[in-house]
Amino acid sequence: MAVNRFLFVGLFLLYNWSLLGQTPEEQKITISFDNEPLQEALLRLNDLSDQQLSYNPQILPTGIVLNQSFRSESPKSIIEEILGDAYELKSIGNYLIIQKAPPPKKEKVTFQLSGGVKDASTGEELEDVSIYEVNSLRSTLSDEKGEFNLLAETDVSAAIFVISKKFYEDTIIQASQLKTLQGPIVLKKEKESRPGKSIRERVRTFSTGLSKFFTSDKVRKNAQNVNLTDTRMFQISFIPSLGTNRKMSSQIKNNYSLNLIAGYSYGVGAAELGGVYNISREEVRGVQIGGFGNTVGGEVHGLQMGGFINTTKDYVKGAQIAGFINVASDSVNGFQMGGFTNLTKEMKGVQIAGFNNHTSSTAGFQLSGFINTTKEMDGFQLAGFINTAKEVRGLQLSVVNLADTVVTGTPFGLVNIVKKGGFISPAIESDDVVPYRVSFRSGLNKFYSVLSVGFQPGDHWTYGAGFGSRWFPKKNKLFINPEIRWFNVAEDKIKENENNYLVRLNLNLGYQIFKHLSVTSGPSLNYYFTNHLDESGNPIIDIAGNTILDNSTSKFRHQLWIGYTVGIGF
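Residues numbered from 1 in each chain as written. Predicted model: local features only at pLDDT ≥ 70, side-chain atom pairs only at ≥ 80, totals over all residues. Heavy atoms only, no water.

Caption draft 1: Representation of the environment of Thr405 within the structure. Inspection of the secondary structure assignment puts Thr405 in strand S33 (residues 400–412). Taking the C-alpha atoms as reference points, Thr405 and Gly422, separated by 17 residues in sequence, lie 8.0 Å from one another. In this structure, Thr405 is in contact with Lys390, Glu391, Val392, Val418 and Lys420, ignoring residues within four places of it in sequence. (Helix = DSSP H or I, 4+ residues; strand = E, 2+ residues; numbered from the N terminus. Contact = heavy atoms within 4.5 Å.)

Caption draft 2: Summary view of the pairing of strand S22 (residues 284–290). Burial of S22 is extensive: 7 of the 7 residues sit out of reach of the surface. Sheet topology places strand S20 (residues 267–274) next to S22; 5 bridges connect them, and they run parallel. Among the inter-strand pairings, Glu272 is bridged to a residue of S22, identified as Gln288. As defined by bridge partners, S22 adjoins strand S24 (residues 300–306) across 7 bridges and the pair is classed as parallel. Paired with Val284 across the strands is Val300, a residue of S24. (Buried < 20%, exposed > 50% of the residue type's maximum accessible area, 1.4 Å probe, protein only. Pairing = 2+ DSSP bridges.)

Caption draft 3: Seen up close, the sheet that holds strand S5 (residues 95–100). Spatially, 3 strands are ordered S2-S5-S4 in an open sheet, and the strand pairing comes out mixed. One side of each edge strand has no neighbouring strand; the edge strands of this open sheet are strand S2 (52–54) and strand S4 (87–92). This sheet shows a mean twist of 25° between the axes of neighbouring strands, independent of strand direction. Two elements, S2 and S5, share 3 bridges in a ladder whose sense is parallel. Bridge pairing links Leu53 to Leu96 in S5. (Axes fitted to C-alpha atoms, helices over the stretch in contact; angles between N-to-C directions.)

Caption draft 4: View of the nonpolar core. Counting 21 residues, the largest nonpolar core has Leu60, Ile79, Ile82, Leu83 and Ile98 as its most contacted members. The set of elements that each furnish at least two residues to this core consists of strand S1 (29–37), helix H1 (38–48), strand S3 (65–73), helix H2 (75–83), S4 and S5. Those residues in contact with Leu60 that lie beyond four places of it in its chain are Leu38, Gln39, Leu42, Tyr55, Leu83, Tyr87 and Ile98. With 18 residues, the next largest nonpolar core counts Leu126, Ala159, Ala175 and Leu181 among its residues. (Core = buried A, V, L, I, M, F, W, Y, C linked by side-chain atoms within 4.5 Å.)

Okay, structure coming up:
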């Protein structure tokens, strides 16, 4: 595949953020041993632990009798205190493995495991079973006959091989020398071992085209099969499976990760930088930056930045920034900015897009160049053209605002459509400036917008907009109707450099005859200023009545007078 080359000169160093919730490794137990042999103590400890203990009894010290008590400590720390520095423990998914600690500066030893894998119940040969060595992360898959061969180098005294397949129980084999299995490995179907505990944590796999493009078939099969959730301080990769974590990269959580082209990991603990694309199956904490984009199958806590696209399966707590599109399947709590569009289920904070924002609910600020859509809006919604919401608590500001219900606040635009509790009223009107005018009012009684076009046959015409309110004292049909409206006054054609502006303040009294029929009438205060003057300084479009103010400046004529308005609304 052809890819763009990206040059990076450094990797951000950030402090690792703590995980949410208790993992099996963080389980705390209380236990006491009274003249109890080591083997029996470990069996009892295994019964209390969320992780199953795995060890070779022959490597354990003999003749040890325990007389100790432990209060609110993890199983791992209890075993470490009992066995001392001669042993080390490794957490692999649902297993806690005890092995002898490697001697210092020991040369790496090559181990081999080969054989076959079958179903324990049916005897069927199992294809695509993952076999991997825990320390070196060397791995392979069984072939169509269930057979495999794996070589691994490690500096411990015994290699630990894990055989895993989706929906089957894991099998662990410790090999101290080159080893070919005498018989096939048989795997049992997975089942619940104890109430509320599953032997395998169900992994998340991606079906998106981008994830499939950047990952191999073998890597995705390992992700489905293997219950390994190891954590490593740092990894570097060229592409998934070609890096320090090899084909097991999807099973490793890295605190720091550098992916020259693309990376695939179980999660990120502090910072990840990718030349093109980053893929994390589970949680990302800290900073994740991809030259093209990022895909996360779990949660994001921190900053996720992609040159083109970010997708997150769960929620984002922090900031999600992309040059084109952000997708958060659950929710965003913080800041989401996309050059074109943002998509999320729930938004708490600030959402900014060049074209479109779409959420199921918004609590905060939603800004887009063209359209915002949400079901529940609590805060401020600003769009270049249109806002849509089912339930509004706050302010909608756009050319067009659409809402089912406005609980609190108001829509503010040229056209405001509110299905429940709002009104739409076309009207015909007449006043002292033009005898014929058509208007369109929309919004709420407490605040609405009005658009108007009127004309004086053979002389001039007007167009404009405004805002008003309708007050119904004591909930009767009589209402008070103040309005402020702005008009441009023109002759047959609008000419450049001609400014003829009219501002009208109407104080009408109305009566609602039927639901869709009302009449209004009242006085208006008119203010007219124009630079379209004749040689004597008089307005060429003369619309003023008996003025109460009439003066001129070097460029404009200003006139003020009292007029009237009458109208019928539908």
